Amino acid sequence: MSRAWLFLHLLGFTMWLGGAIAVMIIGIAAKREDRHGLGAVVRAQATLMKVAIAPGALLAVLSGLILTFQISGEDLPGFSIWLMLMQGAGLVAALLTLLIALPTAAKLSRLEPAGETARYFDELRQRQRIVGSISGTLGLVALFAGAMLG
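Residues numbered from 1 in each chain as written. Predicted model: local features only at pLDDT ≥ 70, side-chain atom pairs only at ≥ 80, totals over all residues. Heavy atoms only, no water.

Focus: the overall build of the protein
- Broken down by element type, the protein carries four helices and zero strands.
- What you see in the protein, going N to C, is helices and strands ordered as α-α-α-α.
- C-alpha extents for the protein along the principal axes are approximately 60 × 25 × 20 Å.
- Here the protein holds 150 residues, and the buried ones make up 35% of them.
- In the protein, once contacts between residues fewer than 6 apart in sequence are set aside, the share between residues at least 24 apart is 81%.
- Accessible surface, the protein as shown: approximately 9100 Å² in total, 70% of it carbon and sulfur.
- Counting 12 positive and 8 negative side-chain charges, the protein places the centres of these two groups 3 Å from one another. (Helix = DSSP H or I, 4+ residues; strand = E, 2+ residues; numbered from the N terminus. Buried < 20%, exposed > 50% of the residue type's maximum accessible area, 1.4 Å probe, protein only. Contact = heavy atoms within 4.5 Å. Areas by Shrake-Rupley, 256 points an atom, 1.4 Å probe, with all protein chains shown as cover. Lys, Arg positive; Asp, Glu negative; His and termini not counted. Charge placed at Lys NZ, Arg CZ, Asp CG, Glu CD.)

So, in structure tokens, the structure goes:
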């Protein structure tokens, strides 16, 4: 049963980080778009967030918790800094993704990039960049720490 949970953990992590990298690439490519084209870009990013990133983060955290409970039932020799780093960085990254990035993406997808809401639109895009960068970095730290476990 543990291999099934490990598969789900890796699947969630792949959906999460893969989707986040896709959103980042779309955001970089959007620098060439005019203001009206940005609306379509943020709607595409919000769709990726709702369909791949958020479910992937949730799946990775839930399967990770189950794997942790399974490990805690076994006799493991010593303390693993890599396991703690993977769990800590992954949990903080998931919380940032689910509690800040997901609602921000939903708000952005409902706003027009030009006109009265342009300033608020730009503020939310900046928040999304910062939160995405922090969350992505923590996700990569968790990935590296997980690789060091092996």
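Comments concerning the layout of surface pockets
- Volume-wise, the second largest pocket comes out at about 690 Å³.
- Ala20, Val23, Met24, Gly132 and Ser133 are the residues nearest the centre of the second largest pocket, which is lined by 27 residues in total.
- Of all the secondary-structure elements, those providing two or more residues to the lining of the second largest pocket are helix H1 (2-29), helix H2 (35-72), helix H3 (81-110) and helix H4 (118-149).
- In terms of residues, the lining of the second largest pocket owes the most to one element, H4, which gives nine residues.
- Partitioning the lining of the second largest pocket into residue classes produces 14 nonpolar, nine polar and four charged. (1 Å grid on protein atoms, 1.4 Å probe; cavity = no way out; pocket = protein on both sides within 12 Å on 5 of 7 lines; lining within 4 Å. Points joined across faces, edges and corners; volume = space filled by probe spheres on them. Nonpolar A, V, L, I, M, F, W, Y, C, P; charged D, E, K, R; others polar.)

Some thoughts on the pattern of salt bridges
- Evaluation of the coordinates by the stated rule reveals two salt bridges.
- With a closest N to O distance of 2.8 Å, arginine 35 and aspartate 122 form a salt bridge. Of this pair, arginine 35 sits in helix H2 while aspartate 122 sits in helix H4, placing them 87 residues apart in sequence.
- The partly exposed category is assigned to aspartate 122, whose relative accessible area is 34%.
- Across the pair glutamate 123 and arginine 119 runs a salt bridge, and its minimum N-O distance is 3.6 Å. Of this pair, glutamate 123 and arginine 119 both sit in helix H4, separated by four residues, roughly a single helical turn.
- Since its relative accessible area comes to 41%, glutamate 123 is described here as partly exposed. (Salt bridge = Lys/Arg side-chain N within 4 Å of Asp/Glu carboxyl O.)

Here we look at the side chain of serine 63
- Within the element layout of this structure, serine 63 appears in helix H2.
- Polar contacts involving the side chain of serine 63 include one to the side chain of histidine 9, which spans 3.1 Å.
- Those residues in contact with serine 63, other than ones at most four positions away along the chain, are Trp5, Leu8 and His9. (Polar contact = N/O pair within 3.5 Å; in protein donor to acceptor, adjacent residues only side chain to side chain.)

Points about the confidence of the model for the protein
- Of all residues in the protein, 95% have pLDDT values of 70 or greater, and the mean over the chain is 92.
- In the model of the protein, H2 stands out as the element of lowest mean pLDDT, 93, in contrast to H3, which has the highest, 96. (pLDDT = per-residue confidence, 0-100.)

Let's talk about empty space enclosed by the protein
- According to the stated counting rule, one finds one cavity of 30 Å³ or more in the structure shown.
- Here the largest cavity defines a volume of roughly 50 Å³.
- In this structure, the largest cavity is lined by Val23, Val42, Gln45, Ala46, Ala105, Leu108 and Gln128.
- Residue assignment for the lining of the largest cavity shows that the elements contributing at least two residues are H2 and H3.
- Sort the elements by how many residues they give to the lining of the largest cavity and H2 lands first, with three residues.
- Across the lining of the largest cavity, the residue classes break down as five nonpolar, two polar and no charged.

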